[in-house]
Amino acid sequence: MNTKLRLAGVIKESIVDGPGWRFVVFAQGCPHNCESCHNPQTHDPDGGYETTVGNIINEVEKNPLLKGITLSGGEPFWQALSFSVLAKKAHELGLDVITYTGWTFNQILAGLDAHEGWRELLSESDRLVDGRFILEQKTLSLPFRGSKNQRIINVKASLSEGRVIEENYESIEEDYKPM
Ligand code: SF4
């Protein structure tokens, strides 16, 4: 629980960062430099503030209505091992975990052996929303995504079937429909 996280901030209740009521944790630090990024203040890896997994879990435990936590950014995979510890604790509380990343699912798979914590964070993520924000593909109509290239990937199903299994949501209120 003393594992350190460098964060840009948190939102204690959100319905726009995945299905259901969610606690959102914004990682500080991002290497992707997407054009027209909405959160440029999250890019500097030395910015933000430091906290611990224990502090976040204490806040999460105060809200019995939460369905899950969302790891966003910034880039959670830049602090993958620490965020995997947070995700594991959330699972122990019965919550689900959605992780946003600027890398694609294939890039994450290709980097599992090269990057500390990538394997652990991927395996503790129920869903991965993948890919950079691409301005030309910006959309306001796809729930939980900023641009059309981004996918909501069911991680376990994708790994077991050896292909990308996406989940499709038509509104923020409904549960997912497998594509
Ligand atoms: S991955 Fe997200 S936080 Fe990073 S530059 Fe792109 S839009 Fe911004």
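Please refer to the structure higher up on the page.
In what follows, the accompanying structure is described. Position numbers for residues start from 1 in each chain and track the written sequence from start to end. Totals for whole chains, interfaces and linings use all residues, but because this is a predicted model, local features are given only for residues with pLDDT of at least 70 and pairs of side-chain atoms are given and counted only at 80 or more. Based on all heavy atoms of the structure, the side-chain values leave hydrogens and waters out of the count.

Things to note about the site of the ligand
- Taken together, Cys30, His32, Asn33, Cys34, Cys37, Thr42, His43, Gly73, Gly74 and Phe133 form the complete shell of residues around the ligand.
- When atom positions are compared with the pocket grids, the ligand is found to occupy the largest pocket. Here a residue counts as near a molecule or strand whenever at least one of its heavy atoms sits within 4 Å of it. Computed over the protein atoms alone on a 1 Å grid, cavities are sets of points where a 1.4 Å probe fits but cannot get out and pockets are open sets with protein on both sides within 12 Å along at least five of seven lines; a residue lines them when it has an atom within 4 Å of a point. Any molecule with more than half of its atoms within 2 Å of a cavity's or pocket's grid points is regarded as sitting in that cavity or pocket.

Here's the deal with the side chain of Thr99
- Each helix corresponds to a stretch of at least 4 residues labelled H or I by DSSP, and each strand to a stretch of at least 2 residues labelled E; elements are numbered beginning at the N terminus. With respect to the helices and strands, Thr99 occurs in strand E5 (residues 96-100).
- Any pair of nitrogen or oxygen atoms within 3.5 Å is treated as a polar contact; in protein, a donor-acceptor pairing is required on top of that, and neighbouring residues in sequence qualify only through side-chain atoms on both sides. Among the polar contacts listed, one links the side chain of Thr99 to the side chain of Ser125, at a separation of 2.7 Å.
- Note on contacts: a residue pair qualifies if any of its non-hydrogen atoms lie within 4.5 Å across the two residues. With residues near it in sequence (within four places) discarded, Thr99 still touches Leu71, Pro76, Phe77, Leu121, Ser125, Arg127, Leu128 and Val129.

Some thoughts on the layout of surface pockets
- Grid points are joined across faces, edges and corners, and a volume is the space filled by probe spheres set on the points. Of the volumes computed, that of the largest pocket is approximately 770 Å³.
- If you trace the largest pocket, you find 31 residues lining it, with Asn39, Tyr100, Phe133, Gly146 and Gln150 closest to the centre.
- Think of it as three bins: nonpolar holds Ala, Val, Leu, Ile, Met, Phe, Trp, Tyr, Cys and Pro, charged holds Asp, Glu, Lys and Arg, and polar takes everything else, Gly as well. Taken together, the residues that form the lining of the largest pocket break down as 11 nonpolar, 15 polar and 5 charged.

Quick look at empty space enclosed by the protein
- Counted under the stated rule, the structure contains 1 cavity of 30 Å³ or more.
- The computed volume of the largest cavity comes to approximately 40 Å³.
- Taken together, Gly18, Pro19, Ile98, Tyr100, Arg127, Val129, Phe144, Ile152 and Tyr169 form the lining of the largest cavity.
- Elements represented by at least two residues in the lining of the largest cavity include exactly E5 and strand E6 (127-130).
- By residue class, the composition of the lining of the largest cavity is 7 nonpolar, 1 polar and 1 charged.

Remarks on helix H1 (residues 53-61)
- Exposed residues in this analysis have more than 50% of their type's maximum accessible area, buried residues have under 20%, and partly exposed residues fall in between, with area computed by a 1.4 Å probe over protein chains only. Those residues of H1 not exposed but buried are Val53, Gly54, Ile56, Ile57 and Val60. Each buried residue of H1 sits inside an arc of 160 degrees when the element is viewed along its axis, so together they form one side.
- Where H1 is buried, its residues touch strand E1 (4-14), strand E2 (22-27), strand E3 (49-52), strand E4 (68-72) and helix H2 (80-92). By construction, the arc corresponds to the directions joining the helix axis to the C-beta atoms.

Topic: the pattern of salt bridges
- The salt bridge criterion pairs a side-chain nitrogen of Lys or Arg with a carboxyl oxygen of Asp or Glu, the two atoms within 4 Å. By the definition in use, this model includes 11 salt bridges.
- A salt bridge links Lys62 to Glu59; the nearest nitrogen and oxygen atoms lie 2.9 Å apart.
- Looking at Glu59, the relative accessible area reads 25%, which means it is partly exposed.
- Close ionic contact of Arg119 with Asp113 constitutes a salt bridge, the shortest N to O distance being 2.5 Å.
- Judged by its relative accessible area of 44%, Arg119 is partly exposed.
- Taking the relative accessible area as the measure of exposure, Asp113 reaches 71% and is therefore exposed.
- A single salt-bridge network, built from bridges that share partners, covers Lys12, Glu59 and Lys62.

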